[in-house]
Amino acid sequence: MIDPWHLRGRARALALTAALPAFVVALPALPASAEPAGAASPAGSAAAQPAPTAPAERPTVVLPTALAPEAAERGAPLASALDALLSDTAQDLGLSVELAGRAASRARPDEAELIERARSSDKLFIAPSLELRGDDVELRLALASGGARSLRVRVERVARDELAVRAAVMLRDLVAELDGGAGAAPPLGQEAPCSEPCRGRLATPARSLGKATLAANATLYGGLVGFSIQRSSGSDDPRLLYPLLAVGAGIGLGGAIIIAEEWDVGVADAWYLGSGTWWPTLAGHLIYEGRFAEHAEDPDQERWASGLIGGTAGITLAALGLSLGRMSEGGALMAQSGGGLGLTLGGLVEWAARGDVQRTPIAGMGYGAALGWLAAAAAATQLDLTAAQVLTIDVGALLGGLGAAALASPLVFESPTQVQQRAWVGAAAGGFLLGAGVAWYVTRPAFAGVRAASPSWNRFGLPMMGVIGESVVGSRRAPALGLGWQGAIP
């Protein structure tokens, strides 16, 4: 539930920000050759004008937020908070909100009747409505001005924790349009050409939010490629090693920057591509070490070459997966966890085949990591999962496997036979699968589309770093840098 006082505070801060002179927003974006103080320019004078606000003391009626009958009980707290938020925001925008005689019904008003009421009075009517759609809400704001013959409407689907900001922005833009403000900000994420310096625009999402994540993975992998080439050649000369490390890291960084500039790479896209880099590379090392190292003349050289082959194949397959469309955060996390869970299951399978838990199952872990990542990466392109659902299944699988292994541990005490060791491995694998199944059942309503009843604590995303936004005022732009991992708890 969103705290009404929290929403009011955010709305007041946002409305006051909208009324500040626009040149304050433009300060971070001024070029190095900015003119000295006192120099006048057409753009500067236009940017210094405040965002348009409504005429003072315009009588305004904020109708109760409308809800569908089936969502009346669940959405009542959110609607009440939104009522207070919009009333405060309207007052901050210079409107005179009338609270007396306010209707208590949350049924959506008939639009024809709303227009007729506005035409017969000099009041401004604000009619909000909400539709609950799982973790998101669809907000609809309709404005009917006195004497007008039509409604001004804006509709946006936003996350619940962003409702306060988006509601205040939507109301501000509608009021600005009502008074002829040509520089009203478009919805976040959309570009709109401005014939004059844009006024009142807030931070907009930057393109290629996953650039920093992609660059970090590509730089590290490029350095690994340089190191692998040096070890595969059989040379231990540091005069060859360090240049190869530098060249590999530089090529990886440069390639990531070019890719991020050419395509819109999201955070989930970058993590998905990173999973195709590291898990197949690790699988190549483990498979060679477990299957072929004993019979090779120079196992160290060929092991690094196997890692390069695995990494190249993984990057190619991940890029093909991204060509099918944008990757969700849940899909990227599924690909990452698929490699880890596959590695665990592969090791258990080799233990069961050998009947010897004292020997490290290197080859089995390698095959499991490769197949687990491949299966999860392929499924991620077809399934629409949240990161919380994937994390829940991962935790359930690990807890189930560890719990079953602990309960069956007497089977491997002292000098266990092969049958006892296989029974212990079977119990651990069974607990692993049972835990994953129980966790999937717990999140099953979300898979079936019934997400409205799911708790709010399950909204987690992937870590994001680098440019997370952009301040735009006319032709001036300034990046917003940051690092974070967002989520929600009750």
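Refer to the structure above for everything that follows.
This text gives an overview of the structure that appears in the document. (Residues numbered from 1 in each chain as written. Predicted model: local features only at pLDDT ≥ 70, side-chain atom pairs only at ≥ 80, totals over all residues. Heavy atoms only, no water.)

1. Points about the pattern of salt bridges
Under the counting rule described, the total for this entry stands at 12 salt bridges. As a salt-bridge pair, R154 and D173 come within 3.1 Å of each other at their nearest N and O atoms. Linking R154 in strand β6 (residues 152-159) with D173 in helix α6 (residues 163-178), this pair joins segments that are 19 residues apart in sequence. Look at R154 and you get buried, because its relative accessible area is 15%. Judged by its relative accessible area of 1%, D173 is buried. Connected through shared salt-bridge partners, R154, R172, D173 and E177 make up one network. (Salt bridge = Lys/Arg side-chain N within 4 Å of Asp/Glu carboxyl O. Helix = DSSP H or I, 4+ residues; strand = E, 2+ residues; numbered from the N terminus. Buried < 20%, exposed > 50% of the residue type's maximum accessible area, 1.4 Å probe, protein only.)

2. Details of the side chain of S275
Looking at the element boundaries, S275 is found in helix α9 (residues 267-291). For S275, a relative accessible area of 0% gives the class buried. A distance of 2.5 Å separates a polar atom in the side chain of S275 from the backbone oxygen of Y272. In this structure S275 touches P280, A335, Q336 and W373, once residues within four positions along its chain are discounted. (Polar contact = N/O pair within 3.5 Å; in protein donor to acceptor, adjacent residues only side chain to side chain. Contact = heavy atoms within 4.5 Å.)

3. Observations regarding the packing of aromatic side chains
Scanning the entire structure with this criterion turns up four aromatic pairs. Considering the side-chain rings of F227 and W304, the 5.0 Å spacing of their centres and the 80° angle between planes classify their relative orientation as edge-to-face. You can see F227 sitting in helix α7 (residues 211-232) and its partner W304 sitting in helix α10 (residues 299-322), a full 77 residues away along the chain. Between the NZ or CZ atom of R291 and the centre of the ring of F292, over which it lies, the distance is 5.7 Å. (Phe/Tyr/Trp six-rings, centres within 6.5 Å; stacked < 30°, edge-to-face > 60°. Lys NZ or Arg CZ within 6 Å of the ring centre and 35° of its normal.)

4. Brief notes about a nonpolar patch on the surface
Residues L317, L320 and L374 make up a contiguous nonpolar surface patch of roughly 270 Å² in combined accessible area. Positionally, L320 belongs in helix α10. (Patch = residues over 30% accessible without salt bridge, like charges linked within 9 Å, V, L, I, M, F, W, Y side chains within 5 Å. Areas by Shrake-Rupley, 256 points an atom, 1.4 Å probe, with all protein chains shown as cover.)

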